[in-house]
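Read off the chains here:
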Amino acid sequence: MLSERDLELKSLAEQEIEKHKETVATDPYRLNYHHMPPVGLMNDPNGLIQWRGVYHLFYQWMPFDTTHGAKFWGHYTSENLVNWKHEKIALAPSDTFDRDGVYSGSAISHEGRLYLFYTGNLDGKNGPEQENQCLAVSEDGVTFEKKGVLIETPEGYTAHFRDPKVWKQGDIWYMVVGAQSEDHQGKAVMFSSHDLHNWEHLGTIAGSKEGRNGELGFMWECPDIFELGGKDILMVCPQGLESDGMNYANTYQSGYFAGEMNEHNLQFNHSEFRELDRGFEFYAPQTTVDEKGRRILFGWMGVPEQYEQEHPTIEKHWVHCMTIPRELTWNGEKITQTPVEELSAMRGPVLLHSSVTIENDQKAIRGIQGRSIELNIEIDQLNEMFAIELFQYASLSYKDRILTLSRPHLEERSKTEFRRVGLGEGLRNIRLFIDRSSLEVFVNDGEEVFTSRIFPQPEEEHILFTSLGSTTFSIEKWDLNGYQYE
Ligand code: FRU
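Residues numbered from 1 in each chain as written. Predicted model: local features only at pLDDT ≥ 70, side-chain atom pairs only at ≥ 80, totals over all residues. Heavy atoms only, no water.

Break down the overall build of the protein chain for me, with residues and values.
Assigned secondary structure in the protein chain consists of one helix and 33 strands. Computed over its C-alpha atoms, the radius of gyration of the protein chain comes to 22 Å, within 12% of the 23 Å expected for a compact globule of 486 residues. Looking at the protein chain as a whole, 62% of its 486 residues are labelled buried. Across the protein chain, every contact between residues at least 6 apart in sequence was considered, and the portion connecting residues at least 24 apart equals 60%. Split by element, the accessible area of the protein chain, about 19,100 Å² in all, is 43% carbon and sulfur. Distance between charge centroids for the protein chain: 3 Å, based on 45 positive and 77 negative side chains. (Helix = DSSP H or I, 4+ residues; strand = E, 2+ residues; numbered from the N terminus. Rg over C-alpha atoms; globule rule 2.2 N^0.38 Å. Buried < 20%, exposed > 50% of the residue type's maximum accessible area, 1.4 Å probe, protein only. Contact = heavy atoms within 4.5 Å. Areas by Shrake-Rupley, 256 points an atom, 1.4 Å probe, with all protein chains shown as cover. Lys, Arg positive; Asp, Glu negative; His and termini not counted. Charge placed at Lys NZ, Arg CZ, Asp CG, Glu CD.)

The structure is reproduced here in structure tokens:
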């Protein structure tokens, strides 16, 4: 039974959708094939799972404003990762234990039911500040019954204690939570359970100033632990890393450690922290393993407190979106990301130009343009500098083994801002997914990725290619049809 408060909040949120429907629908920056909020602010992907054949993607959602606040869980489902249905609202901040936000969390399947673990946020304005880990359960995958608080924050941590990710190993359930210790260091904290209701606090699996790590942030958000190609991976979002050369350029980071983990003994022999993305907007990714055995990732195309209010969609009453779904693999050295193969169903006919050579020149290439497109560029030869200019706005350029993405600074508009990555072994290929106001660039078969929002003039569709010295490449282009939303 849903409480009166729950029904009231959900109904107010529905009214907010109705109120701004037209404005959002006619915004030229709205996305064609990415998840966006129906109104308000979208952040983290939550509860990602394929359950009884259907993919469920929940999301952090603030319906009443384009700022952060008392979050709801919005909900999308799909049978094929291409056509999505926007479901009714899954969770609202309607209870005493989650009234200031149904914060991020994860989903598992157990005895035919769908379990959601999330953080109930209490912001301290009416009583103590607290973040407790809560449970909601569903029989049908669309209506959820809250079961209340499972885990209160253990001693030694501040009230920043959130984002439970749950999985099963043998007969034991594990949960990892993002935390801040009392001395203000970011940590990933483990719990275990035999029945999903009673949880034992195991301790810290990794963190700032733990093991070989030096200072690695004052708070760790959105941890995720999984196995990939024989490696144990801890993905996490540390807050408070100083920018360092080409690394850690965003306000907050998102990356991973790879190694060998014994969850129960809290042993994790791991590599250094590595960033997952090199673009301007990527944060709080979450993964699941699907029925085909693939490790699928969605990320939030946004970064907390990184000039979020400067996005031009704010005046249209919405902000932020998700990435496209990506498949993760371990290539022996690092995680690579590739768009899931299902996305090729969005393609129209291919346009191919092979062996294009540009020498000390800037050129358009016939038919290579558009704002809802996929481009695949294979480099045959490149001896000095190669650049792709998008819509008189952003530029992707490669020189001296460094790939740079630049765009006008979202806050200080007369300036240009840059994100870079070194490609020690050179540039082999670039795959771009462009969707009106978003750009995802997969480099060298997904070894590096740049995820960013872009806000060129809405009608601008031109793409220019520049080479200093000579560059030869082939290029394929597809128009992308967009998700069919119900
Ligand atoms: C990450 C985050 C999470 C939190 C959620 C609240 O973006 O701050 O740690 O659960 O967003 O919306």
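Once the structure has been displayed, the description carries forward.
Could you give an account of the nonpolar core, naming the residues involved and the relevant values?
Ranked by size, the top nonpolar core spans 38 residues in total, and within it Ile377, Ile388, Leu390, Leu432, Ile463, Phe465 and Phe473 carry the most contacts. Taken together, the elements giving at least two residues each to this core come down to strand E24 (351-363), strand E25 (372-382), strand E26 (385-390), strand E27 (394-399), strand E28 (402-408), strand E30 (429-435), strand E31 (438-443) and strand E33 (463-479). With near-sequence residues (within four places) excluded, Ile377 lies in contact with Ile388, Arg428, Asn429, Ile430, Leu432, Phe465, Phe473, Ser474 and Ile475. Grouped together as the second largest cluster of nonpolar side chains are 30 residues, Ile17, Leu48, Trp84 and Val340 included. (Core = buried A, V, L, I, M, F, W, Y, C linked by side-chain atoms within 4.5 Å.)

Pulling in residues and values, what's your account of the pattern of salt bridges?
For the structure shown, the criterion picks out 36 salt bridges. When the shortest N-O distance is used, the salt bridge between Glu221 and Arg162 registers 2.6 Å. Of this pair, Glu221 sits in strand E13 (residues 219-228) while Arg162 sits in strand E9 (residues 157-169), and the two are 59 residues apart along the sequence. In this structure Glu221 comes out as buried when scored by relative accessible area, which is 10%. For Asp479, the salt bridge goes to Lys477, with nearest N and O atoms at 3.1 Å. Exposure remark for Asp479: the relative accessible area of 41% places this residue in the partly exposed category. (Salt bridge = Lys/Arg side-chain N within 4 Å of Asp/Glu carboxyl O.)

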